[in-house]
Every structure is written in structure tokens, then in C-alpha cells.
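# Structural characterization, general
What follows is the residue order along each chain.
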Amino acid sequence: EPWPEKADGDGYSLITKEPNPGRDENDARWWRISAAIHGSPGRDDPNSTVVEKTAKLPPARFQLQQNYPNPFNPRTAIFYSIPYNAFVTLTVYDVLGREIKTLVKSFQKANDYTVSFDASQLPSGIYFYRLKAGAKFQKTRKMLLVR
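Residues numbered from 1 in each chain as written. Predicted model: local features only at pLDDT ≥ 70, side-chain atom pairs only at ≥ 80, totals over all residues. Heavy atoms only, no water.

### Quick notes on the overall build of the protein chain
Put simply, the rule reads: A run of H or I in DSSP counts as a helix once it spans at least four residues, and a run of E counts as a strand once it spans at least two, with each numbered from the N terminus. Here's how the labels work: a residue is buried when its accessible area is under 20% of the maximum for its type, exposed when over 50%, partly exposed in between, all with a 1.4 Å probe on protein chains only. Every residue pair with non-hydrogen atoms within 4.5 Å of one another is taken to be in contact. Reported accessibility uses the Shrake-Rupley method at a 1.4 Å probe radius. Residues are deemed covered only where the shown protein chains occlude them.
In terms of helices and strands, the protein chain carries zero helices and nine strands. N-terminal to C-terminal, the α/β element order of the protein chain is β-β-β-β-β-β-β-β-β. Relative to its 147 residues, the protein chain shows a buried fraction of 31%. In the protein chain, the share of contacts with a sequence separation of at least 24, taken over all contacts with a separation of at least 6, comes to 51%. For the protein chain, the accessible surface area stands at approximately 10400 Å², while carbon and sulfur atoms represent 51% of it.

### As for the environment of Val 88
Mapped onto the secondary structure, Val 88 falls in strand 5 (residues 86-94). For the pair Val 88 and Ser 106, spaced 18 residues apart in sequence, the C-alpha separation works out to 5.5 Å. If near-sequence neighbours (up to four positions away) are discounted, Val 88 is found in contact with Tyr 80, Ile 82, Val 104, Lys 105, Ser 106, Gln 108, Leu 131, Lys 132 and Ala 133.

### What to know about the packing of aromatic side chains
What counts here: In this analysis, rings of Phe, Tyr and Trp, with Trp reduced to its six-membered ring, are considered paired at centre separations within 6.5 Å, and the interplanar angle assigns stacked below 30 degrees, edge-to-face beyond 60, and tilted for intermediate values.
If you walk through the whole model with that rule in mind, you get four aromatic pairs. Seen in terms of ring centroids, Phe 62 and Phe 137 are 4.9 Å apart; in terms of plane orientation they differ by 15 degrees. Their pairing is stacked. Remark: Phe 137 occurs in strand 9 (residues 137-145) and Phe 62 occurs in the loop between strand 2 (31-37) and strand 3 (63-64); sequence separation between them is 75 residues. We classify Phe 62 as buried; its relative accessible area is 14%. Classification of Phe 137 as buried rests on a relative accessible area of 18%. For the ring pair Tyr 80 and Tyr 113, a centre distance of 5.3 Å and an interplane angle of 20 degrees mean the geometry is stacked. Taken together, the residues Tyr 80 in strand 4 (residues 75-82) and Tyr 113 in strand 7 (residues 111-118) connect sequence positions 33 residues apart. Summarising the burial analysis for this pair, Tyr 80 and Tyr 113 share the class buried. By way of ring pairs, the aromatic residues Phe 62, Tyr 84 and Phe 137 are connected into one cluster.

### A look at the pattern of salt bridges
Where we set the bar: Salt bridge, as used here: a side-chain nitrogen of Lys or Arg that lies within 4 Å of a carboxyl oxygen of Asp or Glu.
Under the definition given, this model contains two salt bridges. Where Asp 118 meets Arg 75, a salt bridge forms, and the shortest distance between an N and an O atom there is 3.7 Å. With Asp 118 in strand 7 and Arg 75 in strand 4, this residue pair connects regions lying 43 residues apart in the sequence. The class of Asp 118 is partly exposed, set by a relative accessible area of 38%.

### A word on the sheet that holds strand 7
For clarity, the threshold we go by: A pair of strands is considered paired only if DSSP assigns at least 2 bridges between the two.
In spatial order, the strands read 3-4-7; together these three strands make up an open sheet with antiparallel pairing. Edge positions in the sheet fall to strand 3 and strand 7, since each has one partner strand and no second. Taken together, the eight bridges between strand 4 and strand 7 define a ladder with antiparallel strand orientation. Across the sheet, residue Phe 79 finds its bridge partner in strand 7, namely Thr 114.

### Examining the sheet that holds strand 9
Which entries qualify depends on this criterion: Axes, fitted as lines to C-alpha atoms, cover a helix only where it is in contact. Angles between the N-to-C directions of the axes lie from 0 to 180 degrees.
Read from one edge of the open sheet, four strands run 6-5-8-9, paired in antiparallel fashion. At either end of the open sheet lies a strand with only one pairing partner, and these are strand 6 (99-108) and strand 9. Here the strands of the sheet are splayed against their neighbours by 15 degrees on average, with no regard to which way each runs. Pairing analysis gives seven bridges linking strand 5 to strand 8 (residues 125-133), with the strands arranged antiparallel. Along strand 8, the bridge assignment pairs Asp 94 with Tyr 127.

### Some thoughts on the confidence of the model for the protein chain
Test applied: A residue's pLDDT is simply how confident the predictor is in it, with values from 0 to 100.
Per-residue confidence for the protein chain gives a mean pLDDT of 82; residues scoring 70 or more make up 64%. In this model residues 47-51 is a low-confidence stretch, pLDDT under 50, and it forms seven contacts with partners more than four residues away in sequence or in other chains.

What follows is the structure in C-alpha cells.
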């Protein structure tokens with residue numbers, strides 16, 4: 001256990017994930033299959049891992065998601081997407097509409113983004129965050145800081 005008692009002779013070999021794992025050789029987590037059937041038992045097989053880089057499509061539309069966690073104390077993450085390169089501003093306001101902090105104020109490429117907001121110096125309460133992107137997109141959401 002966890003290895004079969006004998007090889008069937010028709011499949012891949014097991015090789016270490018690292019050339020010399022230096023760990024318990026009976027732990028299945030440190031092994032992987034070889035690149036070819038009948039493999040390369042007892043030898044390193046660096047060509048068995050193939051990574052293909054695929055082009056990531058830009059988001060389909062502007063989006064400002066709800067922060068997470070919400071309510072939060074004292075940090076939260078704000079997620080947004082921009083479908084094309086644009087100037088982006090992400091600002092936090094208090095319940096009276098006073099600007100608390102500008103988190104982003106820059107030209108950004110089309111992509112999904114996550115921004116961390118640290119409110120450790122702020123009192124409990126309701127806060128708003130507003131994303132402005134490009135010439136037309138603007139959205140505001142509410143978040144709750146609880147101490």
C-alpha cells in the first residue's frame with residue numbers, strides 16, 4: 001500500500017517529482033508518471049512535464065465585485081475587471097462621502113485585479129468603494145468594517 005504488488009508491464013513507470021526527493025519513498029505524493037510508456041525507471045525524467053502557456057482572454061466587461069470578506073476586520077480584498085486598457089481609479093469613502101484612501105490611480109491593462117484594503121487605522125462603520133475606469137464605467141459598492 002499504496003503501490004501495486006507487481007507491474008502489469010503495459011503502462012507508465014513511476015519517477016520521483018524531484019531528482020532526489022530525500023523523503024519517505026513510500027509516500028505516493030513524491031512520485032509521478034514517466035513521460036513514456038515503460039518510462040525511465042531509476043532515472044530522472046525531466047522531459048515528462050510539459051507546460052503549455054495559453055493566452056488568457058481579457059474580461060468581457062467592466063466589473064466591480066463585492067469585497068471579501070464583508071464584514072471585515074481589518075483587511076479585505078476588492079476584485080475588479082477591466083475589458084480593455086484604461087485609466088482606473090479605485091477610491092474608498094466614509095459614510096459622509098469623504099475620501100478615505102485612493103487604492104488605485106493608474107493606467108491598467110485589460111485584466112482581472114485584486115486590491116487589498118487595510119482599515120486597521122479606521123473606526124468601525126460603513127464605507128464605500130468606487131471604481132472609475134475609462135470614460136464611462138463607474139460603480140460603487142458598500143463594505144462594513146466591524147471591530
